[in-house]
Amino acid sequence: MRYVIVTVVDKDAGDFNNNLRKDVFYKFKAKSSKLPAHFTIKSPFEAENVDDLIKVLSDFASNHKSAPYKISGYDHFDNRVIYMDVNMSQNGKEVHDKLIEMMSEIPYIKFNKKDGKDKIFHVTLSSKRMQNIYEKLWDYIIKFPCNYNCEFDNICIYK
């Protein structure tokens, strides 16, 4: 089975991302993730059974408090991905890195530079079918103010 681990962005920031992604698809046919607004903790991986992962995440959640982060403005990875920029607080980064350390003890969880401790925190707006329309899409998206105070307060496993 294929899984991904994310933090769902909720409240106003999540609604903004979800609505803007729908708008961008409607106007430009540029697709994005099927998941709700989120930043990735662990990119997709394969596993037969994730009971040990669920226990690690449950123990982690029981022993750590939420931490703040800000979403402020936009950025992009070349002309492949446009995203809302996440500015993780120092406390949030420490909590995140501890989570990565604990998850790394699970044999089937392997982190790389894109999803480990040194990842670029971001909430994707568009990442599919956009190279040919990148400039129009970028010019459209940056017109919308994007400043939110958020909480790193959940860990979700999606199949």
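Structure report, in brief. (Residues numbered from 1 in each chain as written. Predicted model: local features only at pLDDT ≥ 70, side-chain atom pairs only at ≥ 80, totals over all residues. Heavy atoms only, no water.)

**Thoughts on the pairing of strand β5 (residues 122–126)**
Side-chain positions along a regular strand alternate between the two faces of the sheet. Counting buried positions over the five residues of β5 gives four, a clear majority of the element. Across four bridges, the pairing between strand β4 (residues 81–88) and β5 is antiparallel. Paired with tyrosine 83 across the strands is threonine 124, a residue of β5. (Buried < 20%, exposed > 50% of the residue type's maximum accessible area, 1.4 Å probe, protein only. Helix = DSSP H or I, 4+ residues; strand = E, 2+ residues; numbered from the N terminus. Pairing = 2+ DSSP bridges.)

**Thoughts on helix α2 (residues 51–63)**
Between its first and last C-alpha atoms α2 spans 19 Å; for 13 residues at 1.5 Å apiece the expected length is 18 Å, and the two agree. Taken together, the buried positions of α2 are occupied by Leu53, Val56, Leu57 and Phe60. The arc that holds the buried residues of α2, viewed along the axis, is 95 degrees, so those residues lie on one side. Exposed side chains of α2 directed beyond 90 degrees from the buried face belong to Asp51, Lys55, Ser62 and Asn63. (Expected span 1.5 Å × (residues − 1). Arc of directions from axis to C-beta.)

**Section: the side chain of aspartate 23**
Following the sequence through the fold, aspartate 23 ends up in helix α1 (residues 11–28). With sequence-adjacent residues up to four places away left out, aspartate 23 is seen in contact with Tyr140 and Phe144. (Contact = heavy atoms within 4.5 Å.)

**Details of the layout of surface pockets**
Of the voids in this model, the largest pocket is the one considered here, and its volume is about 700 Å³. Mapped onto the lining of the largest pocket, the elements with two or more residues apiece are β2 (38–46) and β5. In terms of residue class, the lining of the largest pocket is made up of eight nonpolar, eight polar and eight charged. If you add up the space inside the second largest pocket, you get close to 160 Å³. (1 Å grid on protein atoms, 1.4 Å probe; cavity = no way out; pocket = protein on both sides within 12 Å on 5 of 7 lines; lining within 4 Å. Points joined across faces, edges and corners; volume = space filled by probe spheres on them. Nonpolar A, V, L, I, M, F, W, Y, C, P; charged D, E, K, R; others polar.)

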